Amino acid sequence: MKRALILVALLAAPSFARREAPVPVCAEPVKPALFMSPMGEPFRPKADDPGDDPIRRWFAQADRNRDGTLTVGELMLDADRFFVVLDKDKSGELLPDEVSVYEQDIAPEIRLYQRRPDAAAAGKDGAGKGNAGDRPRKRKSGGRPPLGYDGAAGAGRYGFLNIPNPVATADGDLNRAITAKEFRAAAAQRFADLDPQQTKALTLAQLPKTPAQVLANAVCVERLKDKAREKRR
């Protein structure tokens, strides 16, 4: 009997030797470099606070009664607060000029079409033609394709919902003037989009990861995989 057990152990030993070490996983949650609230307000990390999380900061702000959940009423109040910030002339409407200020100054990251810094710099000194910055970069043979946002655009890259311009799209009647009522209605609709199960009260854990979070985590995982491969060589 003992000989049989020893034989089984010896036969099993090579399989254990061939087992590879598990690939490490990035710690969750990965903090994004930028977060766009459902109503389009940008939240950026605080440079003087390494522990700051833009998403948690927005949630804590929107959660008026501090019960750890977000209701449609609270999101509408959050929309009211941001509307006042955007309504520079206090007219009760967001006009094209105010939407433009939002796009250019408050949240420039949402712009869909903008020149890359290297291309813009080349244009200034007259060397823009034929510049490598204006041409798509070729991927090295055998390299991995770049990680993308899977179709998200504008503010959709940094928010829970793929809405390229959360402010402009609140214009329900398309008359180029967004009223506070329209902005609140947009908030209610976006809450419904985030709450398909109709729980009526969303916790932070129930909210989806933003494409920026997914991308940051994927990049982190790829780096850890590369390190694991280097160690095995």
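Residues numbered from 1 in each chain as written. Predicted model: local features only at pLDDT ≥ 70, side-chain atom pairs only at ≥ 80, totals over all residues. Heavy atoms only, no water.

With that settled, the discussion passes to the packing of aromatic side chains. Across all of its chains, the model carries seven aromatic pairs by this definition. Summarising the aromatic geometry, the rings of F35 and F160 are spaced 5.1 Å apart at their centres and angled 55 degrees between planes, so their arrangement reads as tilted. Note that F35 is positioned in strand β1 (residues 35-36) and F160 in the loop between α5 (117-124) and β4 (178-179), a separation of 125 residues in sequence. Each member of the pair, F35 as well as F160, is classed as buried. Here the aromatic cluster, defined as three or more aromatic residues joined through ring pairs, consists of F35, F43, W58, F59 and F160. (Phe/Tyr/Trp six-rings, centres within 6.5 Å; stacked < 30°, edge-to-face > 60°. Helix = DSSP H or I, 4+ residues; strand = E, 2+ residues; numbered from the N terminus. Buried < 20%, exposed > 50% of the residue type's maximum accessible area, 1.4 Å probe, protein only.)

The periodicity of an α-helix, 3.6 residues per turn, causes residues three or four positions apart to be oriented the same way. The complete set of buried residues in helix α2 (residues 54-62) reads P54, I55, W58, F59 and A62. Viewed end-on, α2 has its buried residues packed into an arc of 135 degrees, placing them on one side of the element. Looking at the buried positions of α2, the neighbouring elements they touch are β1, β2 (42-43), α3 (72-86) and α7 (211-232). Looking at where α2 begins, the residue whose side-chain oxygen comes 3.0 Å from the main-chain nitrogen of I55 is D53. (Arc of directions from axis to C-beta. Contact = heavy atoms within 4.5 Å. Polar contact = N/O pair within 3.5 Å; in protein donor to acceptor, adjacent residues only side chain to side chain.)

What follows covers the environment of R157. As for its position among the elements, R157 is in the loop between α5 and β4. Take R157: its relative accessible area is 18%, and that puts it in the buried class. Taking the C-alpha atoms as reference points, R157 and I110, separated by 47 residues in sequence, lie 8.4 Å from one another.

With that settled, consider α7. Between its first and last C-alpha atoms α7 spans 32 Å; for 22 residues at 1.5 Å apiece the expected length is 32 Å, and the two agree. Of the surrounding secondary structure, the elements contacted by the buried residues of α7 are α2. (Expected span 1.5 Å × (residues − 1).)

Phi is positive for K90, which is not a glycine, with a value near 55 degrees. Judged by its relative accessible area of 57%, K90 falls in the exposed class. Not every positive phi belongs to a glycine, and R176 is a case in point at roughly 65 degrees. Position of R176 among the secondary structure elements: in the loop between α5 and β4.

So, on to the nonpolar core. M36, W58, Y102, V167 and F183 are the most contacted members of the largest nonpolar core, which has 37 residues in total. Counting residues per element, the ones that place at least two in this core are β1, α2, α3, α4 (96-106) and α6 (180-194). Sort the elements by how many residues they give to this core and α3 lands first, with six residues. If near-sequence neighbours (up to four positions away) are discounted, M36 is found in contact with E41, P42, Y102, A107, E109, I110, A155, Y158 and G159. (Core = buried A, V, L, I, M, F, W, Y, C linked by side-chain atoms within 4.5 Å.)

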